[in-house]
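Residue-level structural notes
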Amino acid sequence: MATRDILVIPDKRLRLVSEPVKTIDKDIRALVDDMLETMYAAPGIGLAAIQIGVPKRVVTMDLAKKDEPKQPRVFINPEVMFASEEKSAYEEGCLSIPEYYEEVERPLSVKVKYLDLDGKEHVIEATGLLATCLQHEIDHTNGVLFIDHISKLKRDMVIKKFKKAAKRGEPVKPLSEDEKPSHHIG
Ligand code: GNR
Ligand code: NI
């Protein structure tokens, strides 16, 4: 087990469409171990393999609260089969866009098909945080980031900030109040 570096925008690899897993072998199990360790260390509630530079459709997640026992989950080749018309808004963050948080509207509930580590197929109906997180992670496997679901004005501002920081080799500072676009014009 090892923690791995998490890719941060504007790293182009975050835009790759990941490949389905064909066989769940020792390498996939080692990848999942590293993803869980990296996710817990970050800390984050979810992680897609591409965030550590591996373009495979593998997702880890743990939605347990701090005072609850760990509840590691693994989704291989996850696929949204149905999404509700009804939407819900949640303030999202992403380990690949550190220190930036914004409200994202998505379907309130989704039906997701995936394989577990034994290769057994499951279908779950998810709602609330699980639904939000599954959609966020499945987006990653398709090269989509949560900022793609916010206004272009806000998205361009965040991307610009991270590009500038990357060029200078600096960490990114959170947006100051007067750099944030107003909700009315955003
Ligand atoms: O840790 C994370 N928190 C989070 C909060 C709201 C919606 C989605 C997430 S996922 C994120 C970790 C991450 O970047 N996963 O890809
Ligand atoms: Ni993310």
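The following refers to the structure shown. Quick caveat, the model's predicted, so the values are computed rather than measured.

Parameters and conventions
- Residues numbered from 1 in each chain as written.
- Chains lettered and ligands numbered in written order.
- Predicted model: local features only at pLDDT ≥ 70, side-chain atom pairs only at ≥ 80, totals over all residues.
- Heavy atoms only, no water.
- Helix = DSSP H or I, 4+ residues; strand = E, 2+ residues; numbered from the N terminus.
- Expected span 1.5 Å × (residues − 1).
- Buried < 20%, exposed > 50% of the residue type's maximum accessible area, 1.4 Å probe, protein only.
- Arc of directions from axis to C-beta.
- Contact = heavy atoms within 4.5 Å.
- Pairing = 2+ DSSP bridges.

Okay, helix 3 (residues 152–168) next. The end-to-end C-alpha distance of helix 3, which contains 17 residues, comes to 24 Å, matching closely the 24 Å that a straight helix rising 1.5 Å per residue would cover. Along helix 3, the residues that are buried comprise K154, R155, V158, F162 and A165. What you see down the axis of helix 3 is that its buried residues fit within an arc of 105°, all on one side. Projecting away from the buried face of helix 3 at angles above 90 degrees are the exposed residues K152, K160, K167 and R168. Turning to helix 3, the residues buried within the fold contact strand 5 (97–107). Where helix 3 ends, the next residue or the one after it, G169, has phi of about 65°, a positive value.

Look at helix 2 (residues 128–141): 20 Å from first C-alpha to last across 14 residues, which is about the 20 Å you get at 1.5 Å a residue. A large share of helix 2 lies buried, amounting to 12 of its 14 residues. Those residues of helix 2 not exposed but buried are L130, A131, T132, C133, L134, Q135, H136, E137, I138, D139, H140 and T141. Just beyond helix 2, the residue with positive phi is G143, at close to 75°.

A few words on the pairing of strand 6 (residues 109–115). The sheet contact formed by strand 3 (residues 73–83) and strand 6 spans 5 bridges and is antiparallel. Within strand 6, the residue paired with I76 across the bridge is L115. The sheet contact formed by strand 6 and strand 7 (residues 121–127) spans 7 bridges and is antiparallel. Paired with K113 across the strands is V123, a residue of strand 7. Hairpin connection, strand 6 to strand 7: the antiparallel pair is bridged by 5 residues, and G119 has positive phi, about 85°.

Here the focus is the pairing of strand 4 (residues 87–94). Where strand 4 lies against strand 5, 7 bridges are found, and the strand directions are antiparallel. From the neighbouring strand, E92 faces strand 5, where its bridge partner is E102. Adjacent in sequence and paired antiparallel, strand 4 and strand 5 are bridged by 2 residues.

From the geometry alone we can't say anything about function, so treat these as descriptive.
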